[in-house]
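Here is what each chain is made of, one letter per residue.
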Amino acid sequence: MTLEEVRGQDTVPESTTRMQGAGKALHELLLSAQRQGCLTAGVYESAKVLNVDPDNVTFCVLAADEEDEGDIALQIHFTLIQAFCCENDIDIVRVGDVQRLAAIVSAGDEGGAPGDLHCILISVSAASAPTAVSTPRPVLARGHPGSPSAVLSRQNPNEDAWKDPALEKLSLFCEESRSVNDWVPSITLPE
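Residues numbered from 1 in each chain as written. Predicted model: local features only at pLDDT ≥ 70, side-chain atom pairs only at ≥ 80, totals over all residues. Heavy atoms only, no water.

**Q** Any chance you could break down the packing of helix 2 (residues 43-52) against helix 3 (residues 72-87) for me, citing the residues and the numbers?
**A** Interaxial distance between helix 2 and helix 3 falls to 11 Å at its minimum, and their mutual angle equals 25°. The orientation of helix 2 relative to helix 3 falls into the category roughly parallel. The way helix 2 lies across helix 3 gives a crossing that is left-handed. Facing helix 2, whose interface residues are Val43, Tyr44 and Leu50, helix 3 presents Leu74, His77, Ile81 and Phe84. (Axes fitted to C-alpha atoms, helices over the stretch in contact; angles between N-to-C directions. Helix = DSSP H or I, 4+ residues; strand = E, 2+ residues; numbered from the N terminus. Parallel < 35°, antiparallel > 145°, perpendicular 65-115°, else oblique. Left-handed = near helix turned anticlockwise from the far one by under 90°. Contact = heavy atoms within 4.5 Å.)

Below is the structure:
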């Protein structure tokens, strides 16, 4: 028996439950991000956002059906987006059902789903995004204002930008996947 077979036997129920939880979390995240106007859809639109403002991108979804696997241009775009996301510490997952993804995205939008759903980015909400020229805001680390023991520290403007339980679950899912060398895990969306 090989190590892969042993690992596969031990983790099948756990991985199925983990996968279902990740699929449900992705569903919730997509709806939440769309309601807040934090969703960018399309390979080219996503590439523009990644080029202009990668610090505000928190999550990336790459979607392709079986017939898309033969599209060389799309696969090259995916490879470049994956590399950019890994380089910039952006969590990334793959989904194998573009129609199901379209149904989820169009359910949260009156205008219907956007045309290209092969790449979807989740960004920090526009209301909490920093201005074009931003500096870390000062925060009192301890003590009371005006007291001699007050210590001034710097806080990242995006640190508290958008807290979403589904995003936190997916980030943990991606982190766990990377720990077993699955750099772009696949997720199955719930029916």
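**Q** Please give an account of helix 3 that cites residues and values.
**A** In this model, helix 3 (16 residues) spans 23 Å end to end at C-alpha, consistent with the 22 Å of a helix rising 1.5 Å per residue. Along helix 3, the positions that sit buried rather than exposed are Leu74, Gln75, Phe78, Ile81, Gln82 and Cys85. The buried residues of helix 3 all sit within an arc of 125° when viewed along its axis, so they share a single face. More than 90 degrees from the buried face of helix 3, the exposed residues found are Ile72, Leu80 and Glu87. (Expected span 1.5 Å × (residues − 1). Buried < 20%, exposed > 50% of the residue type's maximum accessible area, 1.4 Å probe, protein only. Arc of directions from axis to C-beta.)

**Q** So what's going on with the confidence of the model for the chain? Residues and values would help.
**A** Residues at a pLDDT of 70 or more form 69% of the chain, whose mean pLDDT is 77. Highest mean pLDDT in the chain belongs to strand 2 (residues 57-63) (96); lowest belongs to strand 6 (residues 151-155) (36). Across residues 6-13 the pLDDT falls below 50, and counting only partners more than four positions away or on other chains, this stretch makes three contacts in the model. (pLDDT = per-residue confidence, 0-100.)

**Q** I'd like a description of unusual backbone geometry, backed by residues and values.
**A** Backbone geometry places aspartate 89, a non-glycine residue, at a positive phi of 55°. Relative to the assigned elements, aspartate 89 resides in the loop between helix 3 and strand 3 (91-95). For asparagine 181, which is not glycine, the phi dihedral falls at a positive 60°. Asparagine 181 sits in the exposed class, given a relative accessible area of 59%.

**Q** Lay out the sheet that holds strand 1 (residues 39-41) in plain terms, naming residues and giving numbers.
**A** Strand order in the open sheet made by the five strands is 1-4-2-3-7, with mixed pairing throughout. Each having just a single partner strand, strand 1 and strand 7 (186-187) make up the two edges of the open sheet. Pairing of strand 2 with strand 3 involves five bridges; the strand directions are parallel. Bridging from a neighbouring strand, phenylalanine 59 pairs with aspartate 91 of strand 3. Helix-sheet contacts for helix 2 involve strand 1, strand 2 and strand 4 (119-123), and the interaxial angle to strand 4 is about 35°. Packed onto the sheet, helix 3 meets strand 2, strand 3 and strand 4 and runs at close to 155° relative to strand 2. (Pairing = 2+ DSSP bridges.)

**Q** Hey, could you go over the pattern of salt bridges for me, with residue numbers and the actual values?
**A** Once the charged atoms of two side chains with opposite charge are near each other, the side chains can pair. Within the structure shown, the criterion is met by two salt bridges. Between glutamate 69 and arginine 94 there is a salt bridge, with the nearest N and O atoms lying 3.9 Å from each other. In this pair, glutamate 69 is assigned in the loop between strand 2 and helix 3 and arginine 94 in strand 3, connecting sequence segments 25 residues apart. Take glutamate 69: its relative accessible area is 43%, and that puts it in the partly exposed class. On the accessibility criterion, arginine 94 (17% relative accessible area) is buried. Two residues, arginine 178 and aspartate 91, come together in a salt bridge whose shortest N-O distance is 2.9 Å. With arginine 178 in helix 5 (residues 165-179) and aspartate 91 in strand 3, this pair connects stretches of sequence that are 87 residues apart. A relative accessible area of 27% means that arginine 178 is categorised as partly exposed. You can call aspartate 91 buried: its relative accessible area is 10%. (Salt bridge = Lys/Arg side-chain N within 4 Å of Asp/Glu carboxyl O.)

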